[in-house]
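Commentary on secondary and tertiary structure
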Amino acid sequence: MISENQLIHKTFYESFLSDENQKMPVEILGEAYFNEQNTEESYDLSYIRYAQGEIYFQYHDYETAIFKWENIKNELEQWAKMNIGDAYYRLGLLSAAEDMYTSIDTEDSTLNSEVALKLFSLYKERDKIDNAYETIKHAINLNPDYPEVTMIARAFYEQYQDDQHAVMLAVSETLRTGKEEWFSILISYVKANQMKDFSPEYFADTMLTMFDINKVMYVDYVKALWKSYRGTKEYISWLNMLNEMILTVETDDEYHWEQLIPLFEETFLELTDGTYMLEKLKSVIPQLVASWLKLATKTNALFPSAIALAWNEIFPATMDQDAISKAETIIFDADNKRNSLSDALQLFNTIISWAGSHTLDIDYKLRWWAEELIDRSVKQHILLLGNEGSGKTTFIHSLFGDKLYTGATQSFVVFRDHEELFINQISQSGDQEIDNKTELLKEMESNPDSLFQVKQPCITLHEQQCAFIDTPPINSSGVVRDELFDSLLLADGVVFVLDGSKSLSDKEYDMLYQMKNFVPTLKVHFLLNKIDLVASDADTEIIITEIKSKLHSLFPNAEILPYSSLYPYSQQNSQLNRFLDTNFPSELQQIEEKRTTKILTVIRKVIADLLQKREDMEKGYVHSIQWNEDILGRLKGFNNKLTDLQLEKVESLISAYHEVITNFKVDLQETLPKLLKESAEIIKEDSDFKQIHIALNDHMNNKVKEYVEENLLQTVSHQLETWVSASHDELHESQTYLVEMSETFNDIYQEEKFSLKCDFSILYDWRRDIDRMMARIFYDNENIMLKNKPTQILLKGAGRIFGAMNQNNSVLYNQYKKYVENESYEEVANTITNKLFLPLELFEKGLRKDITTFFTSSIHEVENIIVEIENNIQNDKDELSRMKENPEIFYDPLKLFEVNLLQQEFMLQAKKGYSRSF
């Protein structure tokens, strides 16, 4: 029987060899060939030739090997073809080798697998990558168990960085073989994020396979997938698939799932950081928590148990009932070694980050309180409460030996011990350092809503490592009263200051009663001030007994310290310290729990403020739209008036200028004929009538020139200056109107929004241009009597002909005189007028643009503001529409923050001795 292994490795010739025959294989096969040929029976040389071809192939005689294999006609014929292809390959005849491989037609699975692998190598070498892909797939489909075929495919996919095929191969082999080798390969692909193109469901079966075979590798696989899908669009799908699988399979209680527990916690915090909407989370969170609880143990079940209870309280009936039952059973028995303060601060910072990314301002005072409350240099914050006149302020002064302010403060002031004086003012928007006490008093009066921190040396605060918080009187306004009650949640205790000279008032008792109901566990003790006004120590004891009797139902264990701010502090220091040590003890564990409680209180306040801000924002957009639409209407009306004013001034000033020029032109046209006719006086009977026309022309031009230069131009210049001055007054009225409108609109805006200024430089330009024009206007002699008019031609001709005859002088005299005196000179007057006034007329044509420019900047300013307001209105409408269309963008994160907050409160409740008081 022929061994396939011999055929694969070309060692079939060994079947002809024996241990007894030590001849060379070539010689042995030659003898066998000869003997077979000479046998009398029918012979078949194919087996021997096949074996000879293998020998020749080994000795690199590929041509001879091919010759031998070409003559194989038995069952080895197809194997021989494969060998011929190998020989062609060795000879570098790759095309021939491919043709030979592809010509093989057999049902032998081994041969087909070998041929497929050889074709695959051939295609790779010839860069026929598509053919290589098809061939390696074919090889795997033929027989995935064929030696090295899957590893060859894996190496090929990795070489060409084909993540998709590599992952698909690893998944199929994991499911087919169940071998840990493929588990590791698949996990490595996932860790390298090579599975990003696959949906989570694609890996469901492989997860089940690993879960059944190797839970350690299963955990590693889940962790890798979890990390890879985190932050992608498939993240929720992954979690749904994982939860469904965990809740379906039977988990082995003996196997510890600690490595997965942190991933559940990280995921819950990610899902509830404000990035995801509730619509997506309402299905995944309950399942996530249920899976989490299924894998959790007593040492790590507190967190998911608290989540289950918190989620169920915020979203009733959405949490799996079995999970709720388990959570209720184990929450108070679970180990509670978590750093609750760290959890609270993480939630606080998450809210701060979310608010910042949504351009929401969080009250800076709340942020400051959060930092103050976790300051480990201060063990306790003691709230000082009291009615106005109780002596609370003088008590503070006695502690510091210094008067920081007089009378009751309307602000909250936090006092701490420090080596030197430091004062800080904290408002909603930020904080600033205050230089001295005078500035402090000024700021407290002008900004009572601010919070003030005062640090300076104080023996009591230093020894007690505490801070005192001075507060406004308890009988202040309702807003202040609300703030007082809020501050109770941030305090470790209350020292209620009473006036020793008066009885406990109803207002004081009422305040204490409400405090007891609001924070039942809060420590409240009393300082009886002004005992210097009490007659004796015995009377003081009587007063203390009466007060204790009245307050017994509220604070049965309350202590009362008699005190006088007028007595030396050194005499009372030890009593005060003993009073604080006894009544406000501090233990490390309690301090940490209280700090956590305070931070959670701040968080609840922040969430409430953000909800209020959302409502205020919507109202703000509505108000902004209405306000801007109102101002827009006013501005558009004003802009129309401004445009009308511009047109009005253009027409008015041009008309005035035109009237000045026209009047002068009319006057000149009336004056010139008179001047010219007066020239008849130079005509005498004894004149030289041959040249009289020239003399007349010169005389007329001189008269006109004299009139123009000495009279006309000066008058015109003066009138134009008057026009410029009048224009200035008229334009100044317009500027005054614009200034008044600027002030009106600036009052509306409560800022210097408008500065409507006109361009008065045009007046300077006009004066300059007029001066230049008037300096350049001059009279150029006109051809008055030298024209070719018929009458002038006859007179000039007659003068030349009869001028020498004295008897004709009388006739010429009369004719010339009559002509000069009776000529209209209309044409000459028009010509002279047009020439003289041409520059002034050209100047007039530029006035429209100049006057328009005078208003241009103001008009543009108004138009730009109109465009700005229109954009603001549209932006506000868009924002308002977005807020109304997608309210979940804002409300969902706050609801999730509330779940986180409640969950942390439940964890605190699980601690011994803790009771929820907020």
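Look a little higher up for the structure.
All of the points below concern the structure found in this document. (Residues numbered from 1 in each chain as written. Predicted model: local features only at pLDDT ≥ 70, side-chain atom pairs only at ≥ 80, totals over all residues. Heavy atoms only, no water.)

1. Brief notes about the sheet that holds strand S1 (residues 380–386)
- Taken in spatial order, the 9 strands make up an open sheet running S4-S3-S5-S2-S6-S1-S7-S8-S9, and their pairing is mixed. The open sheet terminates on both sides in strands that have one partner only, identified here as strand S4 (431–434) and strand S9 (560–562). Going across the sheet, the axis of each strand differs from the next one's by a mean of 25°, ignoring polarity. (Pairing = 2+ DSSP bridges. Helix = DSSP H or I, 4+ residues; strand = E, 2+ residues; numbered from the N terminus. Axes fitted to C-alpha atoms, helices over the stretch in contact; angles between N-to-C directions.)

2. A few points about the packing of aromatic side chains
- Here the structure, examined in full by the defined rule, presents 44 aromatic pairs.
- Between the aromatic rings of tyrosine 133 and tyrosine 157, the centroid separation amounts to 5.9 Å while the plane-to-plane angle is 25°, which identifies the pairing as stacked. Here tyrosine 157 lies in helix H9 (residues 149–159) and tyrosine 133 lies in helix H8 (residues 129–142), a separation of 24 residues in the sequence.
- Given a relative accessible area of 16%, tyrosine 133 falls into the buried group.
- Given the relative accessible area of 3%, tyrosine 157 is considered buried. (Phe/Tyr/Trp six-rings, centres within 6.5 Å; stacked < 30°, edge-to-face > 60°. Buried < 20%, exposed > 50% of the residue type's maximum accessible area, 1.4 Å probe, protein only.)

3. Some thoughts on a nonpolar patch on the surface
- A grouping of Met24, Val26 and Tyr59 is seen on the molecular surface, where their side chains present a nonpolar patch of about 330 Å² in accessible area.
- Examined against the element boundaries, valine 26 turns out to sit in helix H2 (residues 25–37). (Patch = residues over 30% accessible without salt bridge, like charges linked within 9 Å, V, L, I, M, F, W, Y side chains within 5 Å. Areas by Shrake-Rupley, 256 points an atom, 1.4 Å probe, with all protein chains shown as cover. Salt bridge = Lys/Arg side-chain N within 4 Å of Asp/Glu carboxyl O.)

4. Describing the environment of glutamate 148
- Among the structural elements, glutamate 148 can be located in the loop between H8 and H9.
- Spatially, the C-alpha atoms of glutamate 148 and aspartate 644 are 93 Å apart, while their sequence positions differ by 496 residues.

5. Some words on the pairing of S4
- Two strands pair when backbone bridges link them, and strand S3 (residues 422–426) and S4 are joined in this way by 4 bridges, in the antiparallel orientation. Counterpart to isoleucine 423 in the pairing with S4 is isoleucine 434.
- The hairpin turn running from S3 into S4, its antiparallel successor, is 4 residues long.

6. A few points about the packing of H9 against helix H10 (residues 163–177)
- Following both chains from N to C, one finds H9 and H10 inclined at 155°, their axes separated by 9 Å at the closest point. If you check the angle between H9 and H10, you find them roughly antiparallel. The handedness of the crossing between H9 and H10 is left-handed. Mapping the contact onto sequence places Thr150, Ala153, Arg154 and Tyr157 in H9 and His165, Ala166, Leu169 and Glu173 in H10. (Parallel < 35°, antiparallel > 145°, perpendicular 65-115°, else oblique. Left-handed = near helix turned anticlockwise from the far one by under 90°. Contact = heavy atoms within 4.5 Å.)

7. Focus: the pattern of salt bridges
- Summed over the entire model, instances satisfying the criterion amount to 39 salt bridges.
- Here lysine 530 makes a salt bridge to aspartate 499, at a shortest N to O gap of 3.6 Å. Residue lysine 530 is located in the loop between strand S8 (524–529) and helix H26 (537–551), and its partner aspartate 499 is located in strand S7 (residues 493–499); the two are separated by 31 residues in the primary sequence.
- A relative accessible area of 24% places lysine 530 in the partly exposed class.
- For the salt bridge of lysine 877 with glutamate 629, the shortest nitrogen-to-oxygen distance reads 3.4 Å. In this pair, lysine 877 is assigned in helix H34 (residues 847–885) and glutamate 629 in helix H28 (residues 588–677), connecting sequence segments 248 residues apart.
- Residue classification places lysine 877 among the partly exposed residues on the basis of a relative accessible area of 37%.

8. With respect to the layout of surface pockets
- The computed volume of the largest pocket comes to approximately 970 Å³.
- Together, 32 residues line the largest pocket, and Asp363, Lys365, Glu483, Asp486 and Lys605 are the ones closest to its centre.
- Counting only elements with at least two residues in the lining of the largest pocket, the list comes to helix H20 (364–373), helix H24 (478–488) and H28.
- Here the lining of the largest pocket takes 9 residues from H28, the largest share from any one element.
- Looking at the lining of the largest pocket residue by residue, the class counts come to 14 nonpolar, 6 polar and 12 charged. (1 Å grid on protein atoms, 1.4 Å probe; cavity = no way out; pocket = protein on both sides within 12 Å on 5 of 7 lines; lining within 4 Å. Points joined across faces, edges and corners; volume = space filled by probe spheres on them. Nonpolar A, V, L, I, M, F, W, Y, C, P; charged D, E, K, R; others polar.)

9. A closer look at helix H29 (residues 692–749)
- Taking 1.5 Å per residue, 58 residues should reach 86 Å; H29 reaches 81 Å between its end C-alpha atoms and fits that length.
- At valine 708, H29 shows its maximal bend, which comes to roughly 40°.
- Directly beyond the C-terminal end of H29, a positive phi value near 60° is found at glutamine 750. (Expected span 1.5 Å × (residues − 1). Bend = angle between axes of the 7 residues up to and from the residue.)

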